[in-house]
Amino acid sequence: MSDISIYEITVIQVIKNLEHLKRFIDKGKSFAESKKVDMDVLLNSRLAPDQYNFIRQIQLACDTAKLGAARLTGKQFQTHDDQEKTLSEIIGRIDSVVGILKGLKPEDYKEASDIKISLPRWEGKSLTGKEYALHHMIPNFFFHIVTAYDILRHNGVELGKKDYLGDFPFKS
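To keep things clear, this report deals only with the structure shown in the data block. (Residues numbered from 1 in each chain as written. Predicted model: local features only at pLDDT ≥ 70, side-chain atom pairs only at ≥ 80, totals over all residues. Heavy atoms only, no water.)

What follows covers the overall build of the protein. Helix and strand content of the protein: six helices and two strands. Helices (α) and strands (β) of the protein occur, in sequence order from the N terminus, as α-α-α-α-β-β-α-α. The C-alpha atoms of the protein give a radius of gyration of 17 Å, which matches the 16 Å a tight globule of 172 residues would have. Overall, the protein is about 50 × 50 × 25 Å in size when its C-alpha atoms are taken along their principal axes. When each of the 172 residues of the protein is scored for burial, the buried share is 43%. Considering only contacts in the protein between residues 6 or more positions apart, those separated by 24 or more positions represent 70%. Surface summary for the protein: the accessible area is close to 10,000 Å², and the carbon and sulfur share equals 52%. (Helix = DSSP H or I, 4+ residues; strand = E, 2+ residues; numbered from the N terminus. Rg over C-alpha atoms; globule rule 2.2 N^0.38 Å. Buried < 20%, exposed > 50% of the residue type's maximum accessible area, 1.4 Å probe, protein only. Contact = heavy atoms within 4.5 Å. Areas by Shrake-Rupley, 256 points an atom, 1.4 Å probe, with all protein chains shown as cover.)

Let us now look at the pattern of salt bridges. A full pass over the atoms with the stated rule returns 10 salt bridges. Two residues, Asp108 and Lys75, come together in a salt bridge whose shortest N-O distance is 3.6 Å. Here Lys75 lies in the loop between α3 (54-73) and α4 (87-102) and Asp108 lies in the loop between α4 and β1 (116-117), a separation of 33 residues in the sequence. It is possible to trace a salt-bridge network through shared partners that takes in Arg56, Asp63, Lys66, Asp82, Glu84 and Arg93. (Salt bridge = Lys/Arg side-chain N within 4 Å of Asp/Glu carboxyl O.)

Attention now moves to the packing of helix α1 (residues 6-35) against helix α5 (residues 129-154). Contact geometry for α1 and α5: axes closest at 11 Å, N-to-C directions at 5 degrees. Classed by the angle they form, the pair α1 and α5 counts as roughly parallel. Across from Ile6, Ile9, Thr10, Val14, Asn17, Leu18, Leu21, Phe24 and Ile25 in α1, the residues of α5 making contact are Gly129, Lys130, Ala133, Leu134, Met137, Ile138, Phe141, Phe142, Ile145, Ala148, Tyr149 and Leu152. Considered class by class, the residues forming the contact of α1 with α5 number 17 nonpolar, three polar and one charged. (Axes fitted to C-alpha atoms, helices over the stretch in contact; angles between N-to-C directions. Parallel < 35°, antiparallel > 145°, perpendicular 65-115°, else oblique. Nonpolar A, V, L, I, M, F, W, Y, C, P; charged D, E, K, R; others polar.)

Moving on, we get to the environment of Ile9. Its location among the elements puts Ile9 in helix α1. Taking the C-alpha atoms as reference points, Ile9 and Ile117, separated by 108 residues in sequence, lie 17 Å from one another. Those residues in contact with Ile9 that lie beyond four places of it in its chain are Ile4, Val14, Ala133, Leu134 and Ile138.

Here we come to the side chain of Thr73. Structurally, Thr73 can be placed in helix α3. Polar contacts involving the side chain of Thr73 include one to the main-chain carbonyl oxygen of Ala69, which spans 2.7 Å. Ignoring sequence-local partners within four residues, the contact set of Thr73 consists of Asp108 and Tyr109. (Polar contact = N/O pair within 3.5 Å; in protein donor to acceptor, adjacent residues only side chain to side chain.)

Right, let's get into a nonpolar patch on the surface. The grouping of Leu165, Phe168 and Phe170 at the surface amounts to a nonpolar patch, some 350 Å² of accessible area in total. By relative accessible area, Phe170 is classed as exposed at 70%. (Patch = residues over 30% accessible without salt bridge, like charges linked within 9 Å, V, L, I, M, F, W, Y side chains within 5 Å.)

The quantities given are spatial measurements derived from coordinates; they are silent on function.
Shown next as structure tokens:
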């Protein structure tokens, strides 16, 4: 078995899961319509009083994906101003980030494993690109994806593990 590349785990998997997130949102929209619930209720729901709401979870998942790609490749991408309030705006945010990621190629990541990444909150400490991807970016991305999923589930949207995992690239 060959090694998995940083590109595969930070671009291919992230795109796949942002697309899953859009399916969660579609199920949330159908749920809201069928139950006569204002979609804004779902968009602004949270699991705990001190936790971010659904919209902010989406923004943070998107930022983690986009900023992670920028840090690992040295590229700069458009910023988002975190002003999304509606369903169409949040889907637009996801689509924008997916578009950015689809524009990246494996060769953009050829130096990613060994670059030094430091964030201001790390107080002068750093990680290699590989460590950053494995210990920060990927876990943080999935934290926000699963929290968004859980917010919808908590509110009664019928989502299951298959929705979360999505389709597999099975071979015959």
